[in-house]
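Spelled out from the first residue to the last, the chains are:
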Amino acid sequence: MNSSIQVGVSGPTVWVKVEGKGSFLNSGNLKEFAREMLHRGYREFVVDLADCPMMDSTFMGTMATVALRLRELGQGHLHVVHCGNRCQELLSGLRLDQIFDIRANGDSAPECGALERPPRIQSPGDRKREQIETMPEAHDALGEAAPENKLRFKDVLDFLRQDLHQCVPETLHLAPERLDNKKFGQ
């Protein structure tokens with residue numbers, strides 16, 4: 001199944017429309033887009049899941065990162081609309097319903113365009129490294145959102161950090177404490 005993320009801005013609100021599966025494959029783009037929108041001063045985010053049948057933990061953790069950053073700033077919200085039963089179960093199972101406003105209905109997204117990165121040449125190794133760097137951040141956010149998720153994803157995080165050290169050349173290694181303390185938007 002192909003997946004894409006459509007984005008748009010309507011007044012003070014940033015809209016993210018997920019078409020297809022929300023996964024580690026498109027989490028990096030979402031993370032960078034949200035970071036830029038936060039930097040520009042946007043504090044209201046709406047994620048439309050009408051056409052999203054499934055999400056993985058990295059994608060949900062990326063959404064959690066945005067919500068936690070808004071909480072840290074002391075303003076704004078992340079709203080999830082058109083959330084089907086399966087996605088609701090996934091979000092609630094990780095207790096993300098405590099940091100998101102989740103609705104089965106809601107306003108429809110305004111005109112949105114495809115979320116694409118600026119053109120640049122990126123090798124398959126660079127893409128893999130970027131994905132592996134995004135995944136621990138997302139899973140750390142899941143643990144911050146609900147403490148029981150720390151234990152749930154401990155083995156995943158250990159594996160990801162090990163994989164990161166194996167795929168990144170020695171000069172680019174991130175110290176383990178930097179991975180642990182890395183905050184969205186800093």
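That block above? That's the structure.
Residues numbered from 1 in each chain as written. Predicted model: local features only at pLDDT ≥ 70, side-chain atom pairs only at ≥ 80, totals over all residues. Heavy atoms only, no water.

(A) Inspection of the pairing of strand E4 (residues 77-81) at higher detail. With respect to burial, E4 is a largely interior element, 4 of its 5 residues being buried. Sheet topology places strand E3 (residues 44-51) next to E4; 5 bridges connect them, and they run parallel. Bridging across to E4, Asp48 finds its partner in Val81. Bridge count for E4 against strand E5 (residues 101-102) is 2 bridges, and the pairing is parallel. Looking across to E5, one finds that His79 is bridged to Asp101. (Buried < 20%, exposed > 50% of the residue type's maximum accessible area, 1.4 Å probe, protein only. Helix = DSSP H or I, 4+ residues; strand = E, 2+ residues; numbered from the N terminus. Pairing = 2+ DSSP bridges.)

(B) Representation of helix H2 (residues 57-73) within the structure. Counted at 1.5 Å a residue, the expected span for H2 with its 17 residues is 24 Å, and the 24 Å between its end C-alpha atoms agrees. For H2, the tally of buried residues reaches 14 of 17 residues, placing the bulk of the element in the interior. Where H2 starts, the residue carrying a side-chain oxygen 3.1 Å from the main-chain nitrogen of Thr58 turns out to be Asp56. (Expected span 1.5 Å × (residues − 1). Polar contact = N/O pair within 3.5 Å; in protein donor to acceptor, adjacent residues only side chain to side chain.)

(C) Fine view of the environment of Met63. Tracing the backbone shows Met63 in helix H2. A C-alpha to C-alpha distance of 10.0 Å links Met63 and His79, two positions 16 residues apart in sequence.

(D) How the structure looks around the environment of Ala141. By secondary structure assignment, the location of Ala141 is in helix H4 (residues 124-145). The exposure class of Ala141 is buried, given its relative accessible area of 5%. C-alpha of Ala141 to C-alpha of Thr58: the two residues are 83 residues apart in sequence and 9.5 Å apart in space. Apart from residues no more than four positions distant in its own chain, Ala141 is found in contact with Gly61, Ala64, Thr65 and Leu68. (Contact = heavy atoms within 4.5 Å.)

(E) Quick look at empty space enclosed by the protein. Tallied over the full model, the rule gives 2 cavities of 30 Å³ or more. Put simply, the largest cavity is a space of about 50 Å³. Where the lining of the largest cavity is concerned, the elements lending two or more residues are helix H1 (24-39), E3 and H2. If you tally residues by element for the lining of the largest cavity, the top one is H1, at 3 residues. Residue composition of the lining of the largest cavity, grouped by class: 9 nonpolar, no polar and no charged. (1 Å grid on protein atoms, 1.4 Å probe; cavity = no way out; pocket = protein on both sides within 12 Å on 5 of 7 lines; lining within 4 Å. Points joined across faces, edges and corners; volume = space filled by probe spheres on them. Nonpolar A, V, L, I, M, F, W, Y, C, P; charged D, E, K, R; others polar.)

No statement about biological role is implied by the geometric values presented.
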